[in-house]
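This is what each chain is made of:
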Amino acid sequence: MITAKLLVERGSIHDASQDWGDYTFVALPSPGDRIAAHYNDNVHYMTVICVHHKPTPATRGGEQESTVMPAAHVVAKWTSSD
């Protein structure tokens with residue numbers, strides 16, 4: 001399981017992405033995957049555009065240098081809702 005921030009594109013390409021918060025996924029989705037997310041008491045359907053990986057530096061031994069954990073942002077295009 002991995003938690004990632006969900007950024008949703010609902011308008012034109014020039015509109016800012018909407019930050020819908022953190023969601024837990026079984027695995028990070030891939031571009032083209034369809035996802036359904038609960039938001040504001042509705043189920044919304046989206047197509048994943050991309051995933052932005054945010055790695056953190058590691059030491060030579062493979063341990064992290066800081067307490068900041070790696071993260072990911074899932075960017076998806078909204079298509080419909082229930």
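How each quantity is defined
- Residues numbered from 1 in each chain as written.
- Predicted model: local features only at pLDDT ≥ 70, side-chain atom pairs only at ≥ 80, totals over all residues.
- Heavy atoms only, no water.
- Pairing = 2+ DSSP bridges.
- Helix = DSSP H or I, 4+ residues; strand = E, 2+ residues; numbered from the N terminus.
- Axes fitted to C-alpha atoms, helices over the stretch in contact; angles between N-to-C directions.
- Buried < 20%, exposed > 50% of the residue type's maximum accessible area, 1.4 Å probe, protein only.
- Contact = heavy atoms within 4.5 Å.
- Phe/Tyr/Trp six-rings, centres within 6.5 Å; stacked < 30°, edge-to-face > 60°.
- Lys NZ or Arg CZ within 6 Å of the ring centre and 35° of its normal.

(A) Here's a closer look at the sheet that holds strand β3 (residues 34–39). Judged by pairing direction, the sheet is mixed, and its five strands sit side by side in the order β2-β1-β5-β4-β3 without closing on themselves. A single partner strand is all that each edge strand has here, and the edge strands are β2 (18–25) and β3. Across the sheet, the axes of successive neighbouring strands diverge by a mean angle of 45 degrees, strand direction being ignored.

(B) Broad picture of the side chain of H73. On the secondary structure map, H73 appears in strand β5 (residues 71–81). H73 sits in the buried class, given a relative accessible area of 17%. Apart from the residues within four sequence positions on either side, H73 is in contact with K5, L7, C50, V51, H52 and K54.

(C) Expanded view of the packing of aromatic side chains. Applying the stated criterion to the full structure yields one aromatic pair. Between W20 and Y39, the ring centres sit 4.0 Å apart and the planes meet at 5 degrees, which makes this aromatic pair stacked. On the criterion of sequence distance, the pair formed by W20 in strand β2 and Y39 in strand β3 is long-range, its members being 19 residues apart. In this arrangement the basic side chain of R10 is found over the ring face of W78, its NZ or CZ atom lying 4.1 Å from the centre.

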